[in-house]
Amino acid sequence: PPPVRLGDYQPPDWLVDTVHLDVRLHPTASRIIARLALRPNPEGREGSPIVLDGDELSLKSLALDGVPLAGTAYVVTPTALTLLAPPQRALTLEIETVVNPSANTKLMGLYRSSGTYCTQCEAEGFRRITFFPDRPDVLAVYTTRVEAEREEAPVLLGNGNPVESGAVEGTSRHYAVWHDPWPKPCYLFALVGGRLDRITEDFVTATGKRVALGIYVEPGKTERAGYAMDALKRSMRWDEEVFGCEYDLDVFNIVAVADFNMGAMENKGLNIFNDKYVLASPQTATDADYANIEAIIAHEYFHNWTGNRITCRDWFQLCLKEGLTVFRDQEFSADARSRPVKRISDVRLLKGHQFPEDAGPLAHPVRPDSYREINNFYTATVYEKGAEVVRMLKTLLGDEGFRAGMDLYLDRHDGDAATVEDFLACFADANGVDLTQFALWYAQSGTPQVTVSGRWDEAGRSYRLDVVQTLPPTPGQSEKLPMVIPLAIGLVGPDGADMALTPDDGSNAERGVLLVTQPRQSFVFRDIAERPVPSLNRGFSAPVKLSSDMSTADLLFLARHDSDPFNRFDAAQTIALSHLVEATAAARAGAALPAPDALVAALGATLDDGALDPAFVAQALSIPSETDVAREIGEDVDPDAIHLARTALRRAVSGALAPALEAIYAHHAPSGAYSPDAASAGRRALRNTCLDLLAAGGTAGSLARAQAHFDTADNMTDRFFALSVLAHTAPLAREAALAAFHERFREDPLVVDKWLALQAQIAEPQALERVRGLTHHAAFAWSNPNRVRALIGSFAGLNPTQFHRIDGAGHALVADAVIDIDGRNPQLAARLLAAFKSWRSLEPMRRASAEAALRRVAEKPGLSPDVTDIVGRSLG
Ligand code: HT7
Ligand code: ZN
């Protein structure tokens with residue numbers, strides 16, 4: 001089929017006002033009776049047929065206003081039900097379909113996860129439940145009756161508020177009726193039926209309304225749901241306080257399921273979660289798991305306003321809800337934890353996932369203008385870069401201007417299916433500004449390259465910054481226009497303090513934000529009596545690749561003194577990256593590796609600064625990943641040389657800083673019971689980073705320390721961190737530790753995922769055989785996305801030397817997995833295949849092997865649209 005294009009958007013011809021669903025759950029033949037109140041859309045094409053989407057549905061009956069329809073009045077194809085000449089007035093359509101939830105391995109529509117019935121309708125899953133105009137601009141009020149065997153599904157949940165429930169007389173079945181008063185698109189529909197335990201709490205909203213909160217989990221797991229409940233209540237309060245958004249139903253339920261294609265889903269009043277993002281206990285979850293749970297619970301809850309009350313007109317507008325909601329969850333976590341550390345980890349994620357996407361064949365704008373398979377556009381670009389664009393709006397408009405724009409958006413578009421233009425118009429109107437050029441951030445793909453050079457004029461007592469921006473060509477976009485780049489800066493004086501900024505041209509640069517709008521621009525500051533060191537793109541104010549003529553000495557100075565914590569972190573990372581690029585070139589040439597003196601000096605100074613937050617120090621000590629280095633090198637990448645250079649660097653840093661690392665390790669020894677709070681997590685992160693760096697030295701003492709850390713740990717964060725140190729750096733201790741860990745947690749699939757993922761990441765030639773062997777392990781199941789992502793996803797995404805083995809065996813393993821998975825779960829297969837996104841930047845041998853693997857996938861008959869799309873664009 002041809003691609004869907006943004007420019008072809010047409011309003012729906014028919015609207016749906018109400019939907020009454022009667023769903024009779026059955027393991028293999030669930031029956032859905034849908035009563036739709038339809039009417040012609042005054043904005044649609046007159047006299048048009050009613051075209052309803054469908055996918056793998058078995059149609060049992062069809063009636064119009066209570067009268068069964070003659071077979072000549074409609075046509076059913078594998079993708080649609082069309083009423084050829086319906087009366088052009090309000091009418092009721094009753095449609096009866098049957099689906100098989102147990103055979104639904106795509107996990108879209110109605111399916112079963114460990115026996116629990118659940119649904120996933122975004123993006124186009126509702127059409128796998130009943131025939132419907134499955135597009136986000138058709139908003140209807142839903143009433144849902146769910147019926148099931150009481151024994152099989154004692155819990156029956158739907159969107160909105162509970163209305164009634166009871167027994168189905170004369171049978172062993174029961175039912176529940178739910179009504180959602182808020183009009184919504186069908187992608188927000190959900191139901192659940194199963195044998196589940198729950199925890200409940202009440203939340204009283206800002207205006208005093210009581211909301212019953214429930215979290216439903218597999219029997220016996222309620223003790224692990226407490227943190228999610230706490231995060232939910234904090235999210236609800238935060239959204240009231242920071243955005244004025246109050247919850248709008250009597251109940252809010254979350255259900256955790258074990259089989260889920262993504263992280264979670266924001267269905268109205270009934271969020272459904274991958275259980276990985278709900279369940280946590282000190283014994284089973286790491287600090288990172290707790291932080292993820294907090295962020296994802298918040299994210300889905302925040303969608304209640306940004307996504308549900310205001311939804312998207314079409315799927316091209318996906319960033320309207322996702323970018324904005326990621327921005328909101330990032331801000332929530334920043335308020336709940338350390339703001340600088342949160343910013344650092346968000347930017348690391350962006351650079352690690354989105355920058356490579358934007359630099360490769362899968363690059364697309366934050367708002368794409370065409371797609372073949374929408375499921376492939378739930379990407380780092382739409383989510384993470386989309387959030388950066390919202391953050392830039394805030395930087396440009398200031399806190400108050402941003403809040404004014406948000407208030408207007410929430411008010412003006414409540415109940416709408418909106419567009420990016422609608423969103424930007426609110427910020428423009430509320431602030432009296434023109435955002436036409438800013439809108440290019442939504443339309444142009446690729447990461448802008450910003451080059452800055454600074455010159456101090458001693459005689460004139462001024463400082464000049466010359467800024468050049470370029471945007472590389474990306475698929476389908478050879479010519480680019482200059483962007484609006486809000487570049488936050490500071491000028492750091494010799495005493496380490498920020499100098500006053502007095503711009504020469506009266507621009508708003510005194511706020512510390514340079515407004516870069518031209519291909520080349522200069523900014524001059526007056527009254528600069530001493531030579532400053534410029535601190536550029538503070539807080540990572542714009543998602544750009546920045547290069548400057550800064551010396552290593554200046555970077556070292558910033559690493560020690562910058563008042564902006566992000567740039568303090570980034571200065572050391574820049575030193576480390578340039579060292580690693582140089583060392584990689586030396587490794588490839590068989591030459592001696594350079595000594596990392598500058599980096600050792602920067603890290604040493606950070607370690608010595610007792611005033612710094614331990615969580616910040618842990619981030620600052622982290623050596624850029626092999627993928628970071630590959631991205632920096634950009635072309636002709638040899639992952640083995642990078643690995644060699646990075647391993648040598650870690651060993652050198654370890655040797656040079658051992659006494660300080662040991663002292664900090666000892667200083668942060670745990671005291672008291674485990675708590676997941678941010679301060680405790682920060683201390684653990686620092687102590688574990690020290691453990692890791694010390695072990696990188698490979699001394700007997702440091703490996704014994706890691707073993708003791710593993711043996712004595714009383715929580716998953718420490719236990720798993722020590723296990724990964726042993727797995728990566730102590731081949732002799734590795735197997736026993738892995739076996740002990742598995743033995744202890746064999747009954748716990750989410751912990752076993754950690755065990756699978758860790759083994760998939762070991763950078764040694766046996767990794768491939770290990771991964772292959774693990775696919776036959778009792779703990780592994782190809783049908784469960786979490787297991788597949790843990791093992792195959794970690795191998796492809798986090799083990800560059802082995803995925804990109806020069807003999808091509810790594811590429812072949814992943815290609816085989818993709819082909820195999822595609823028959824069951826195309827979404828999962830397509831996501832795995834996206835691991836090839838940077839294949840063109842590899843050196844020629846590996847590039848050829850990646851291309852051969854992609855071509856082998858492409859040639860497989862019967863590929864899904866999902867994989868066809870990814871492989872086509874990857875090779876294109
Ligand atoms: N809005 C949700 C997206 C999602 C999804 C998309 C496609 C296939 C399955 C899916 N499950 C969830 C999640 C979110 O971003 O909040
Ligand atoms: Zn979302």
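Counting starts from 1 at the beginning of each chain's written sequence and moves along it residue by residue. To read the labels, note that chains go from A and ligands from 1, taken in the order they are written. Only residues with pLDDT of 70 or above have their local features reported here, since the model is predicted, and side-chain atom pairs are shown and tallied only from 80 upward, although totals for entire chains, interfaces and linings are computed over all residues.

Engineer: Please explain the packing of helix α9 (residues 565–589) against helix α10 (residues 597–608) as it appears in this structure.
Structural biologist: Helix axes use the C-alpha atoms of the stretch in contact, all axes being lines fitted to C-alpha atoms, and the angles between their N-to-C directions lie in the range 0 to 180 degrees. Secondary structure elements follow DSSP: runs of H or I of four or more residues count as helices, runs of E of two or more count as strands, with numbering from the N terminus. Two elements in contact, α9 and α10, have axes whose closest approach is 9 Å; the angle formed by their N-to-C orientations is 155°. With respect to α10, the axis of α9 lies roughly antiparallel. Regarding α9 and α10, the two cross each other, and that crossing is left-handed. For the pair α9 and α10, the contacting residues are Ala572, Ile575, Ala576 and His579 in the first and Ala598, Leu599, Ala602, Leu603 and Thr606 in the second. Looking at the contact of α9 with α10 residue by residue, the class counts come to seven nonpolar, two polar and no charged. Relative orientations are named as follows: roughly parallel for angles under 35 degrees, roughly antiparallel for angles over 145 degrees, roughly perpendicular for angles from 65 to 115 degrees, and oblique for any other angle. For a crossing to be left-handed, the near helix must be turned anticlockwise from the far one by less than a right angle; the clockwise case is right-handed. Each residue gets a C-beta atom placed from its backbone, and two residues are in contact if those atoms lie within 7 Å. Each residue gets one label: Ala, Val, Leu, Ile, Met, Phe, Trp, Tyr, Cys and Pro are nonpolar, Asp, Glu, Lys and Arg are charged, and the others, such as Gly, are polar.

Engineer: What exactly am I supposed to notice about the nonpolar core here?
Structural biologist: Generally speaking, nonpolar side chains in soluble globular proteins are found buried as a group. To define a nonpolar core, we join buried Ala, Val, Leu, Ile, Met, Phe, Trp, Tyr and Cys residues through C-beta atoms within 7 Å and take the resulting set. Neighbour density around each residue's C-beta defines its exposure: 20 or more other C-beta atoms within 10 Å make it buried, 12 or fewer make it exposed, and counts between make it partly exposed, where C-beta atoms are placed from the backbone. Counting 263 residues, the largest nonpolar core has Ala228, Val255, Val278 and Leu833 as the members making the most contacts within it. Tallying contributions element by element places helix α5 (residues 380–412) first for this core, with 12 residues. Look past the residues within four positions of alanine 228 in its chain and what remains in contact with it is Ile215, Ile254, Val278, Ile293 and Ile297.

Engineer: Would you mind going over helix α14 (residues 678–696) with me for this structure?
Structural biologist: Since there are 3.6 residues in each turn of an α-helix, residues three or four apart along the chain are aligned in direction. Expected helix span is taken as 1.5 Å per residue step, with the number of steps being one fewer than the number of residues. The first and last C-alpha atoms of α14 sit 26 Å apart over 19 residues, in line with the 27 Å expected at 1.5 Å per residue. Most of α14 is tucked away: 18 of the 19 residues are buried. Phi turns positive, to about 75°, at glycine 698, one or two residues after α14.

Engineer: Would you mind showing me how to read the domain arrangement of the chain here?
Structural biologist: How large an interface is tends to be reported as the accessible area lost when its parts come together. What the domain assignment reports for the chain is domain 1 (1–195), domain 2 (311–443), domain 3 (449–542) and domain 4 (614–636 + 661–875). Between domain 1 and domain 4, the C-alpha centre-to-centre distance is 40 Å. For each domain, the first and last residues come from an automatic or database assignment.

Engineer: What should I look at first to understand the UniProt feature "domain: Aminopeptidase N-like N-terminal" (unreviewed entry) in the chain in this one?
Structural biologist: The positions that UniProt labels "domain: Aminopeptidase N-like N-terminal" (unreviewed entry) are, in the present scheme, residues 51–188. Taken as a whole, residues 51–188 contains 0% helix and 51% strand, while its terminal C-alpha atoms sit 20 Å from one another. UniProt positions are given in the numbering used here, feature names are shortened, and annotations may be inferred rather than shown by experiment.

Engineer: What should I look at first to understand the pairing of strand β3 (residues 30–40) in this one?
Structural biologist: In the case of a regular strand, side chains alternate between the two sheet surfaces. Only one face of β3 is covered, namely the face carrying Ser30, Ile32, Ala34, Leu36, Leu38 and Pro40; the face carrying Arg31, Ile33, Arg35, Ala37 and Arg39 is uncovered. Bridge analysis of strand β2 (residues 14–24) against β3 gives 10 bridges, and the strand direction is antiparallel. Note that in β3 the partner of threonine 18 across the bridge is alanine 37. DSSP-based pairing: two strands are paired if at least 2 bridges between them are found. Here β2 folds back onto β3, and the loop between the two strands holds five residues. Two strands pair when backbone bridges link them, and β3 and strand β9 (residues 91–99) are joined in this way by nine bridges, in the antiparallel orientation. Looking across to β9, one finds that isoleucine 32 is bridged to threonine 97.

Engineer: Just checking my understanding: could you explain helix α16 (residues 716–729) for this structure?
Structural biologist: Here α16 spans 19 Å end to end across 14 residues, near enough to the 20 Å set by a 1.5 Å rise per residue. The buried fraction of α16 amounts to 13 of the 14 residues, a majority that puts the element mostly inside the structure.

Engineer: In this structure, what is going on with the pairing of strand β25 (residues 449–457)? I would like to understand it.
Structural biologist: Note: β25 against strand β26 (residues 462–470), nine bridges, orientation antiparallel. Note that in β26 the partner of aspartate 457 across the bridge is serine 462. Between the antiparallel neighbours β25 and β26 lie four residues, among them arginine 461 with a positive phi of about 50°. Inspection of the sheet shows β25 paired to strand β31 (residues 545–548) by four bridges, in the parallel sense. Following the sheet pairing, threonine 451 is matched in β31 by serine 547.

Engineer: Is there a simple way to think about the sheet that holds strand β10 (residues 109–113) in this case?
Structural biologist: Across a sheet, strands are paired by hydrogen bonds formed along the backbone, either parallel or antiparallel in direction. Strands sit in the order β10-β11-β16-β13 across an open sheet of four strands; the sheet is antiparallel. Edge positions in the sheet fall to β10 and β13 (155–158), since each has one partner strand and no second. Direction aside, the axes of adjacent strands within the sheet are offset by 20° on average. In this structure, β13 lies alongside strand β16 (residues 191–194), joined through four bridges in antiparallel fashion.

Engineer: Would you mind showing me how to read the sheet that holds strand β6 (residues 67–68) here?
Structural biologist: Here eight strands make up an open sheet; going across it, the order is β6-β5-β9-β3-β2-β12-β15-β14 and the pairing mixed. Of all strands in the sheet, those bounded by a partner on one side alone are β6 and β14 (161–167). Examined bridge by bridge, β14 and strand β15 (residues 173–184) share six bridges and lie antiparallel to one another. Across the sheet, glycine 166 pairs through a bridge with tyrosine 175, a residue of β15.

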